[in-house]
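Overview (structure and organization)
Here is what each chain is made of, one letter per residue.
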Amino acid sequence: MGIMEAIRKGFGVATRNLGLVLILFVFNLIWNLASIPLAGPATAPAPQVNVVALAFAIIFILASIFVQGGSLGLVRDYLKAGSMKLAGFAKYGAKYYLRLLGLGIIIVLIIAIVGLVAALIVAATAPLNNTVVTTVAGIVSIIIGALGLYTIFLLIFSPYSAVCDEIGIMGAMKASMRTVRRSILKVLLLLILLVLISLGIGFVVGFLVGLVTVAMPAQAGQIVIGIVNSIFNSYLGVVMTASFMAFYLALAEKEKTSAAKVF
């Protein structure tokens, strides 16, 4: 499967399964509308508001993992069987929850460790006031950051592998790293194209919404923006999920075929 074919498949899955898009829309809309009061005025928020906002953000993140599991399961069903049953959304969300949560925690830990190590190197050499040492430390920090980004990129297929291959966290990470390494430029190009498509559509939608809401009261404008963002993020979310999953399935099938020929 080519890159453009995977993207077309993603748009096709989203367009033919608006029920899934609707589920994501409701979820995103709840978040967007509920976050409007938490945004508050431009002045510094009260400590109570900060606590509520933090708690709400944590709840949203935990709930989004459930939604991701449900979406991945349904998209997999459609790509493999040509149909999906929305009734299975909750089942898949629960089934894959711990795996996706574990993957998320590992990725966050990798980012935190890389950032901490890079920061410590810079902080430890800064008091020396030595230009050469500071330059070397900066270069080393950049290299460490690049290695961290590379590692995260290698894990991009981990959620798809966990769901499509029905394997655990470590198995999904290994499968993702193996698959990405063998087609790293194609995977990178797919990611870049999807990001550019999202940015392009988002810019046009944002510009049009801005024209509509410019004369509205502030709160009404925020509600309209929240609704439009929910539609945009829900549809594009399914597009990106289906595109990556279709591409992963194609690459995984290619690997199996190549392995079978060897033996």
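Owing to the predicted nature of the structure, the values given are computational and were not obtained by experimental measurement. (Residues numbered from 1 in each chain as written. Predicted model: local features only at pLDDT ≥ 70, side-chain atom pairs only at ≥ 80, totals over all residues. Heavy atoms only, no water.)

1. Topic: the overall build of the chain
Counted only if it meets this: Here a helix means four or more residues in a row that DSSP labels H or I, a strand means two or more in a row labelled E, and each is numbered from the N terminus. Three exposure classes are used, based on accessible area relative to the maximum for each residue type with a 1.4 Å probe and protein chains only: buried under 20%, partly exposed in between, and exposed over 50%. Any two residues whose heavy atoms approach within 4.5 Å are treated as being in contact. Surface accessibility follows the Shrake-Rupley procedure with a 1.4 Å probe radius. Residue values consider only the protein chains on display as shielding. In summary, the charge assignment counts Lys and Arg as positive and Asp and Glu as negative, without counting His or the chain termini. Throughout, a charge is located at the NZ atom of Lys, the CZ atom of Arg, the CG atom of Asp or the CD atom of Glu.
Along the chain, the regular secondary structure elements total 10 helices and zero strands. Each helix (α) and strand (β) of the chain, taken in turn from the N terminus, gives the series α-α-α-α-α-α-α-α-α-α. Taking the principal axes of the C-alpha coordinates as reference, the chain spans close to 65 × 55 × 35 Å. Burial analysis of the chain (263 residues in total) assigns 34% to the buried set. Counted over contacts in the chain with a minimum sequence separation of 6, partners at least 24 positions apart contribute 76%. Just so you have it, the chain exposes about 14800 Å², and 75% of that area is on carbon and sulfur atoms. With 17 positive and 6 negative side-chain charges, the chain shows a separation of 2 Å between the mean positions of the two kinds.

2. A word on the pattern of salt bridges
Where we set the bar: Any Lys or Arg side-chain nitrogen located within 4 Å of an Asp or Glu carboxyl oxygen qualifies as a salt bridge.
A complete count under the given rule lists four salt bridges for this structure. Ionic pairing is found between Asp-77 and Arg-76, a salt bridge with its closest N-O pair at 3.3 Å. With respect to class, Asp-77 is no different from Arg-76; both count as buried. A salt bridge links Glu-166 to Lys-95, with the nearest nitrogen and oxygen atoms 3.2 Å apart. Of this pair, Glu-166 sits in the loop between helix H7 (158-164) and helix H8 (169-182) while Lys-95 sits in helix H4 (residues 89-95), and the two are 71 residues apart along the sequence. Bridged by salt links that share partners, the residues Arg-76, Asp-77, Lys-95, Arg-99 and Glu-166 form one connected network.

3. Quick notes on a nonpolar patch on the surface
For clarity, the cut-off: Patches in this entry comprise residues that are over 30% relatively accessible and not in a salt bridge; like charges within 9 Å are linked, as are nonpolar side chains (Val, Leu, Ile, Met, Phe, Trp, Tyr) within 5 Å.
A cluster of nonpolar side chains, contributed by Phe-203, Val-204, Phe-207, Leu-208, Leu-211, Val-212 and Met-216, occupies part of the molecular surface with about 710 Å² of accessible area. Of note, Leu-208 is situated in helix H9 (residues 184-213).

4. Considering the nonpolar core
Stated precisely, the cut-off is as follows: Only buried Ala, Val, Leu, Ile, Met, Phe, Trp, Tyr and Cys residues count toward a nonpolar core, and they belong to the same one when joined by side-chain atoms within 4.5 Å.
One finds Phe-157, Leu-190 and Phe-247 to be the most contacted residues of the largest nonpolar core, which totals 51 residues. In terms of residues, this core owes the most to one element, helix H10 (residues 218-262), which gives 11 residues.

5. Let's talk about the packing of helix H6 (residues 131-154) against H8
Selection rule: Where helices are involved, their axes are fitted lines through C-alpha atoms of the stretch in contact, as for all axes, and angles between N-to-C directions lie from 0 to 180°. Orientation is classified from the angle alone, with under 35 degrees giving roughly parallel, over 145 giving roughly antiparallel, 65 to 115 giving roughly perpendicular, and any other angle giving oblique. Nonpolar residues are Ala, Val, Leu, Ile, Met, Phe, Trp, Tyr, Cys and Pro. Charged residues are Asp, Glu, Lys and Arg, and all others, Gly as well, are polar.
The contact between H6 and H8 brings their axes to 8 Å, and the two run at 105°. Here H8 runs roughly perpendicular to H6, going by the angle between their axes. Here Tyr-150, Phe-153 and Leu-154 of H6 come into contact with H8, specifically with Ser-176, Met-177, Val-180 and Arg-181. For the contact of H6 with H8, the residue count by class is five nonpolar, one polar and one charged.

6. As for the layout of surface pockets
Rolled over the atoms, a probe with the dimensions of a water molecule shows which regions are left empty. Filter applied, for reference: Buriedness of a pocket was judged along seven lines, with at least five required to meet protein on both sides within 12 Å; pockets are open sets of points on a 1 Å grid over the protein atoms alone, cavities are sets where a 1.4 Å probe fits but cannot get out, and lining residues have an atom within 4 Å of a point. Grid points are joined across faces, edges and corners, and a volume is the space filled by probe spheres set on the points.
Considered as a void within the structure, the largest pocket measures approximately 720 Å³ in volume. If you trace the largest pocket, you find 28 residues lining it, with Gln-68, Pro-159, Tyr-160, Gly-237 and Thr-241 closest to the centre. For the lining of the largest pocket, the elements supplying multiple residues, two or more each, are helix H2 (18-39), helix H3 (47-81), helix H5 (97-125), H7 and H10. A total of eight residues in the lining of the largest pocket trace back to one element, the largest contributor, which is H3. The residue inventory of the lining of the largest pocket, partitioned by class, reads 18 nonpolar, 10 polar and no charged.

7. So, H6
Along an α-helix, residues three or four positions apart point the same way, because every turn accommodates 3.6 residues. Note the threshold: How far a helix is expected to stretch is found by multiplying one less than its residue total by 1.5 Å.
The end-to-end C-alpha distance of H6 is 35 Å, a good match for the 34 Å that 24 residues give at a rise of 1.5 Å each. Among the residues of H6, those classed as buried are Ala-137, Ser-141, Gly-148, Phe-153 and Leu-154. Buried residues in H6 make contact with H5, H8 and H9.

8. Thoughts on the environment of Thr-241
Mapping Thr-241 onto the fold places it in helix H10. Counting along the chain gives 173 residues from Thr-241 to Gln-68, while the straight-line C-alpha distance between them is 9.2 Å. When near neighbours in sequence (up to four residues on either side) are disregarded, Thr-241 contacts Leu-72, Val-75 and Tyr-160.

9. A few points about the packing of aromatic side chains
We count it as follows: A pair of aromatic rings is counted whenever rings of Phe, Tyr or Trp (Trp by its six-membered ring) have centres within 6.5 Å, and the orientation is called stacked for planes under 30 degrees apart, edge-to-face for over 60 and tilted otherwise. For a ring to carry a charge above it, either NZ of a lysine or CZ of an arginine must fall within 6 Å of the ring centroid while also lying within 35 degrees of the normal to the ring plane.
Per the counting criterion, the structure on display carries nine aromatic pairs. Considering the side-chain rings of Phe-66 and Phe-89, the 6.3 Å spacing of their centres and the 75° angle between planes classify their relative orientation as edge-to-face. Separated by 23 residues along the polypeptide, Phe-66 in helix H3 and Phe-89 in helix H4 bring together distant segments of the chain. With a relative accessible area of 29%, Phe-66 lands in the partly exposed category. Three or more aromatic residues joined by ring pairs make a cluster, and in this case those are Phe-157, Tyr-160, Phe-244 and Tyr-248. When the ring centre of Tyr-92 is taken as origin, the NZ or CZ atom of Arg-76, which lies over that ring, is 5.0 Å away.

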